[in-house]
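# Analysis of the macromolecular model
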Amino acid sequence: MPSHSSNPGGASCVRRRALLGTAVLVVLVALAGLAAYLTRDGREPANAPAPHASSTSPSSSTASPSGSLSPRSRPHSLPIPPDTHDPIAFGKAAAATLWSYDTRAYSQAELLTALHRWLTTETKYADPASVDAVVPSPVLWKEMAANGQFATAKVNEGHFPDSFAQALQANPGTITQAYVYAVTVSGKQSIAWNGSPAGGAENRVTTLAVQCRPSNPCALAGVMPSVAP
């Protein structure tokens, strides 16, 4: 990825991220890797597993879902954010959405548009690039669509990372500027495609930044570049 440190736009991005980290998300800097997330040059992809185009070969590394899921299952509709003021509940719903897709039902562009509706409208806190990074590229999506590939997700658990909870307990007032919470979610993703047999599911875990102001329903701020336990 080209460096942006030598041009005004890149410097502006760094200053904006630094300001965000010091003046707004003070509590979150306790999370490992979050300072880099807020101040890094440019938008680097988050460390979330990206779907791969599948084949019917037995050596395929993608996991087909457990149970009776098949390519003839009813296509999934585009995701709609839940109306909740609970950051953990929202984080679990967002993680399940980010781990799910259906190339049979909509285009890659339509999925991106739908996912952006989950983002906070406060643009200085929103990181759409971190969400885009977990969606297959248009080229990969086309290959996946040719095989009718789709994925479903099951969430097992969601919680505030220990470092975040401890920092919040030590200084609860810091959350009241941005109301952005760190939420770590674990679960399983199941992938299927035309002719794929039933099989197992792959474990998934991610840490999300979720904004929940008292006056508004929760919204997604972004996907963290690393998982906070």
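Quantities reported herein were computed from a predicted structural model and do not represent experimental measurements. (Residues numbered from 1 in each chain as written. Predicted model: local features only at pLDDT ≥ 70, side-chain atom pairs only at ≥ 80, totals over all residues. Heavy atoms only, no water.)

Looking only at helices and strands, the protein features 7 helices and 5 strands. Out of the 229 residues belonging to the protein, those deemed buried represent 44%. A separation of at least 24 residues holds for 78% of the contacts in the protein among residues at least 6 apart in sequence. (Helix = DSSP H or I, 4+ residues; strand = E, 2+ residues; numbered from the N terminus. Buried < 20%, exposed > 50% of the residue type's maximum accessible area, 1.4 Å probe, protein only. Contact = heavy atoms within 4.5 Å.)

As a further point, take the sheet that holds strand β2 (residues 150-159). On the basis of which strands lie adjacent, the open sheet formed by 5 strands has the order β1-β2-β3-β4-β5 and antiparallel pairing. Every interior strand has two partners, whereas the edge strands, β1 (101-102) and β5 (219-223), have only one. As paired elements, β1 and β2 share 2 bridges and run antiparallel to each other. Residue pairing for β2: Asp102 is matched across the bridge by Phe150. (Pairing = 2+ DSSP bridges.)

This next bit is on the layout of surface pockets. Its boundaries defined by the atoms lining it, the largest pocket holds a volume of some 200 Å³. Lining of the largest pocket is provided by 16 residues; of these, Thr120, Asn216, Pro217, Cys218 and Ala219 occupy positions nearest its centre. Classifying every residue of the lining of the largest pocket by side-chain character gives 8 nonpolar, 4 polar and 4 charged. (1 Å grid on protein atoms, 1.4 Å probe; cavity = no way out; pocket = protein on both sides within 12 Å on 5 of 7 lines; lining within 4 Å. Points joined across faces, edges and corners; volume = space filled by probe spheres on them. Nonpolar A, V, L, I, M, F, W, Y, C, P; charged D, E, K, R; others polar.)

Okay, the nonpolar core next. Formed by 35 residues in total, the largest nonpolar core has its most connected members in Tyr101, Leu208 and Leu220. Elements supplying a minimum of two residues to this core: α3 (87-98), α4 (108-116), α6 (138-146), α7 (162-170), β3 (180-192), β4 (202-211) and β5. With 5 residues, β3 is the largest single contributor of residues to this core. Beyond its immediate sequence surroundings of up to four residues, Leu220 is in contact with Phe90, Ala94, Trp118, Leu119, Thr120, Val131, Leu208 and Ala209. (Core = buried A, V, L, I, M, F, W, Y, C linked by side-chain atoms within 4.5 Å.)

As a further point, take the side chain of Thr84. Tracing the sequence through the fold places Thr84 in the loop between α2 (34-39) and α3. Apart from the residues within four sequence positions on either side, Thr84 is in contact with Ala89, Phe90, Pro217 and Cys218.

We now examine the state of the cysteines. A complete count under the given rule lists 1 disulfide for this structure. Each sulfur in the disulfide pair Cys212 and Cys218 lies 1.9 Å from the other. Taking the torsion about the sulfur-sulfur bond, which here is approximately 115°, the covalent link between Cys212 and Cys218 counts as right-handed. Here the two residues Cys212 and Cys218 agree in accessibility, since each one is buried. (Disulfide = S-S within 2.5 Å.)

Attention now moves to the side chain of Asp102. Relative to the assigned elements, Asp102 resides in strand β1. Judged by relative accessible area, which is 0%, Asp102 ranks as buried.

Once that is clear, we can look at the packing of aromatic side chains. Going through the model one piece at a time under the given rule, you end up with 6 aromatic pairs. Ring geometry for Phe160 versus Phe164: centroids 5.6 Å apart, planes at 50°, classification tilted. For Phe164, a relative accessible area of 0% corresponds to the buried category. An aromatic cluster is present here, built from Tyr101, Tyr106 and Trp141 joined pairwise through their rings. Over the aromatic face of Phe150 sits the side chain of Arg104, whose NZ or CZ is 3.8 Å from the ring centroid. (Phe/Tyr/Trp six-rings, centres within 6.5 Å; stacked < 30°, edge-to-face > 60°. Lys NZ or Arg CZ within 6 Å of the ring centre and 35° of its normal.)

A residue-level look at the protein finds 66% of positions with pLDDT of 70 or above and a mean pLDDT of 77. Taken together, the stretch residues 12-50 has pLDDT below 50 and engages in 87 contacts with residues farther than four places along the chain or on a different chain. (pLDDT = per-residue confidence, 0-100.)

With that settled, consider α6. For α6, the full list of buried residues reads Leu140, Trp141 and Met144. Projected down its long axis, α6 carries its buried residues within an arc of 100°, all on one side. In this structure, α6 carries Pro138, Val139, Lys142 and Ala146 as exposed residues pointing more than 90 degrees from its buried face. Tucked into the core, α6 has its buried residues touching β1 and α4. Once α6 finishes, Gly148 follows within two positions and takes phi at roughly 65°, a positive value. (Arc of directions from axis to C-beta.)

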